[in-house]
Amino acid sequence: MEDEVDRLVAAWRRERPDLDVEPLEVLSRVSRLARHLDRARRLAFAELGLEPWEFDVLTALRRAGTPYQLSPGQLLTQTLVTSGTMTNRIDRLAEKRLVERLPDPSDRRGVLVRLTPAGQDRADRALAGLLAQERSILGELSPAQRAELADLLRQLTAPFDNIPT
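Residues numbered from 1 in each chain as written. Predicted model: local features only at pLDDT ≥ 70, side-chain atom pairs only at ≥ 80, totals over all residues. Heavy atoms only, no water.

- Looking at an unreviewed UniProt entry, the chain carries the name MarR family transcriptional regulator, with the source organism given as Actinacidiphila epipremni.

The following block contains the structure:
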């Protein structure tokens, strides 16, 4: 089976035989797959009126476990955005009544962001929709192939996440 990346690589090999274009065979496919995943995410979330960034914040809180709350700093760490951006996101989610701000009992000046029942429901339904989209994308691979691919991609991504391998 040939794909667009095979054609791209063949063209570069023809035009630039002096270069080793082998990295394109993997990373161009990863890049193309990322675009398809982004579309799948947007589709799954749009059905529930969510933006991808809203999903990221809501599911960070959902993964925290009961009582589904984190400090803004913990949310920053998990979503990789600036504090100003996070403040804006929390404000917008609070306006939609998907999260609420509570005083932090361990820090009088601090706040905690808690998922509301409506936010939990939206996060749960969005995750289920996303997983259905992702299962469809992975449908051509056997369970063993999916596990092998996950292991290989982990080797590539772990250094960026500062996770010891």
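**A closer look at the packing of helix H3 (residues 52–63) against helix H4 (residues 72–79)**
Moving on, step 1. Following both chains from N to C, one finds H3 and H4 inclined at 115°, their axes separated by 10 Å at the closest point. Looking at the two axes, H3 sits roughly perpendicular to H4. Viewed along their axes, H3 and H4 form a crossing whose handedness is right-handed. Contacts between H3 and H4 involve Asp 56, Val 57, Ala 60, Leu 61 and Arg 63 from the former and Leu 75, Gln 78 and Thr 79 from the latter.
Moving on, step 2. Residues belonging to the contact of H3 with H4 are distributed by class as follows: four nonpolar, two polar and two charged. (Axes fitted to C-alpha atoms, helices over the stretch in contact; angles between N-to-C directions. Helix = DSSP H or I, 4+ residues; strand = E, 2+ residues; numbered from the N terminus. Parallel < 35°, antiparallel > 145°, perpendicular 65-115°, else oblique. Left-handed = near helix turned anticlockwise from the far one by under 90°. Contact = heavy atoms within 4.5 Å. Nonpolar A, V, L, I, M, F, W, Y, C, P; charged D, E, K, R; others polar.)

**Describing a nonpolar patch on the surface**
Moving on, step 1. On the surface, a nonpolar cluster with roughly 660 Å² of combined accessible area is contributed by Val 26, Leu 27, Val 30, Leu 33, Ile 137, Leu 138, Leu 149, Leu 153 and Leu 156.
Moving on, step 2. Looking at the nonpolar patch, the elements that each hand over two or more residues are helix H2 (22–46) and helix H7 (143–161).
Moving on, step 3. Considering the arrangement of structural elements, one finds Val 30 in helix H2.
Moving on, step 4. Look at Val 30 and you get partly exposed, because its relative accessible area is 35%. (Patch = residues over 30% accessible without salt bridge, like charges linked within 9 Å, V, L, I, M, F, W, Y side chains within 5 Å. Areas by Shrake-Rupley, 256 points an atom, 1.4 Å probe, with all protein chains shown as cover. Salt bridge = Lys/Arg side-chain N within 4 Å of Asp/Glu carboxyl O. Buried < 20%, exposed > 50% of the residue type's maximum accessible area, 1.4 Å probe, protein only.)

**Topic: the layout of surface pockets**
Moving on, step 1. Reported here for the largest pocket is a volume of approximately 890 Å³.
Moving on, step 2. Along its surface, the largest pocket is lined by 24 residues, and Arg 29, Leu 33, Leu 138, Leu 141 and Leu 149 are the ones closest to its centre.
Moving on, step 3. Looking at the lining of the largest pocket, the elements that each hand over two or more residues are helix H1 (4–15), H2, helix H6 (117–137) and H7.
Moving on, step 4. A volume near 450 Å³ is recorded for the second largest pocket.
Moving on, step 5. Lining the second largest pocket are 13 residues, and of these Arg 41, Phe 55, Asp 56, Gln 78 and Leu 80 sit closest to its centre.
Moving on, step 6. Partitioning the lining of the second largest pocket into residue classes produces six nonpolar, three polar and four charged. (1 Å grid on protein atoms, 1.4 Å probe; cavity = no way out; pocket = protein on both sides within 12 Å on 5 of 7 lines; lining within 4 Å. Points joined across faces, edges and corners; volume = space filled by probe spheres on them.)

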